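A closer look at the structure
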Amino acid sequence: MVDVILGLQWGDEGKGKIVDYFAPNYDVVARFQGGPNAGHTLYVNDTKVVLHQIPSGIFHQNTINLIGGGVVLDPVTLKKECDKVASFGIDVKKNLFISQRTNLIVPTHRALDKASETAKGLDKIGSTLKGIGPAYMDKTGRNALRVGDLLDKSFITNYIKLRLKHQRLLDNFHFDEDIAAWEEEFFEAIEFLRSLNFVNAEYFINGHISNGKKILAEGAQGSMLDIDFGTFPFVTSSSTITAGVCTGLGVAPQKIKEVMGVSKAYCTRVGSGPFPTELFDETGEELRKLGSEFGATTGRPRRCGWIDLVALKYACMINGVTQIVMTKADVLDTFEELKVCSAYNINGKEVQEVPFQMSKLTIDPVYKAFPGWKTDTSVISEKENVPDTVNNYVSFINQYVGAPVKYVSNGPGRNQIITL
Ligand code: GDP
Ligand code: IMO
Ligand code: MG
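Now for a look at the structure at hand. (Residues numbered from 1 in each chain as written. Chains lettered and ligands numbered in written order. Predicted model: local features only at pLDDT ≥ 70, side-chain atom pairs only at ≥ 80, totals over all residues. Heavy atoms only, no water.)

1. Description of empty space enclosed by the protein
For the structure shown, the criterion picks out 1 cavity of 30 Å³ or more. Put simply, the largest cavity is a space of about 40 Å³. Lining the largest cavity are Ala329, Thr377, Ile380, Val386, Pro387, Val390, Val408 and Ile418. Tallied by class, the residues present in the lining of the largest cavity amount to 7 nonpolar, 1 polar and no charged. (1 Å grid on protein atoms, 1.4 Å probe; cavity = no way out; pocket = protein on both sides within 12 Å on 5 of 7 lines; lining within 4 Å. Points joined across faces, edges and corners; volume = space filled by probe spheres on them. Nonpolar A, V, L, I, M, F, W, Y, C, P; charged D, E, K, R; others polar.)

Structure below.
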């Protein structure tokens, strides 16, 4: 049986914290897509940790962690992260496994990402520049090097071939930065990677399922950044939705049970692209300040706005969300009034559907206002103590999107979560 935790907005919904919270209930936590563009924050004994490649179940000794075949893996980031988790006494050689099908990010992928973004000028995606797009292009272009290839004698020959292909592309972009230092650390990290556990992940995971074990699939990014269903072209390059669990881990759809969608009580986005409820005023600034909305991977300030229920309902639909975890409710504690977007006004017409190409349209959000809760919610642990104002806000969301908010996260701490 497989449950899923994934983001319903534009990423950074608090997935890391939520996966870490639920991980003790599972035998395996598996990342199914994305790469080091992800930054998943969690707290271990009050120490903040940001994970980019390793699943967020790694701090639970009885939980196995798997990097699935749908992930793109940067060995350099992985090595640094393994050192970090080792400093907490975690033995990655014991409870971290990597699919042989996982595609490798090589230094020239990062260079290509940078060159491509620079060439786009004002139209840039706002990529994290971790090489994600170029790595997935080599996957679909059938050129990629995969983790299992490290066991093959021709790895270096194939690396050189790929590098030459990339060099021609880089020359076209007139990219002339010296990446020798990147390559040096890459090969050091490759040697480290060889010392980790590689598995035939689809057999590994289905074997666990057959033995009655519980699997938690951890998503990166968010549904509105999905390559197919997000705000294209301002998206990432992988399947961030539930369907990505099947292709990223090799599990059949009927094995998936609960789909837990994570959404902030408001909304953020980092990078370029449409964001109908974005606030450019003091309220937006207040959300950024109170929510510490700065990217966990790049440190960039996140764009902030009210929760967008049109987009949230769409995300619940394409993911088959069975329950919602609403995070960062405490960030709204001091606001007099809250707003939720219940429709888009496009050319004078109100719609409740996400249109084909948001980026080409002027979208005016239609808001419904709610009174703020004006309470310190961060200290609440029991459902009985949740103020009516919070319950009313949640009820409206439940009704609008057609999926229940089952949990409210009320602080970054590991146990700051209320079961409704
Ligand atoms: P992820 O990418 O979805 O894992 O989210 P990030 O880690 O990038 O960003 C979420 C940020 O919000 C992190 O700094 C978390 O520590 C923090 N966070 C998570 N849940 C809550 C919450 O309920 N309240 C507050 N105040 N912060 C939270
Ligand atoms: P987590 O897992 C928020 C955004 C980037 C950019 C676009 C494409 O922490 O929620 P890419 O590097 O994939 O080429 O960037 O997607 N982006 C994220 N935004 N959270 C993330 O991950 C993101 N990963 C990518 O800012 O707009
Ligand atoms: Mg993040």
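2. Quick look at the nonpolar core
One finds Leu66, Val245, Leu249, Leu332, Tyr393 and Ile397 to be the most contacted residues of the largest nonpolar core, which totals 71 residues. The residue makeup of this core includes at least three contributed by each of domain 1 (2-101 + 198-259) and domain 3 (264-319 + 326-402). In terms of nonpolar packing, the next biggest core, distinct from the first, is built from 33 residues, Val71, Val76, Leu150 and Leu162 among them. (Core = buried A, V, L, I, M, F, W, Y, C linked by side-chain atoms within 4.5 Å. Buried < 20%, exposed > 50% of the residue type's maximum accessible area, 1.4 Å probe, protein only. Domains from an automatic or database assignment.)

3. Quick notes on unusual backbone geometry
A negative phi holds for most residues other than glycine; trans holds for most peptide bonds. At the junction of Phe232 and Pro233, the peptide bond is cis and its omega measures out at 5° in the coordinates. Here Pro233 shows up in the loop between strand E10 (215-218) and helix H9 (242-249). Even without being a glycine, His174 presents a positive backbone phi close to 55°. Topologically, His174 is positioned in the loop between helix H6 (155-172) and helix H7 (180-194). Positive phi outside glycine occurs at Ser292, with the angle close to 45°. Among the secondary structure elements, Ser292 is positioned in the loop between helix H10 (282-290) and strand E13 (303-305). (Helix = DSSP H or I, 4+ residues; strand = E, 2+ residues; numbered from the N terminus.)

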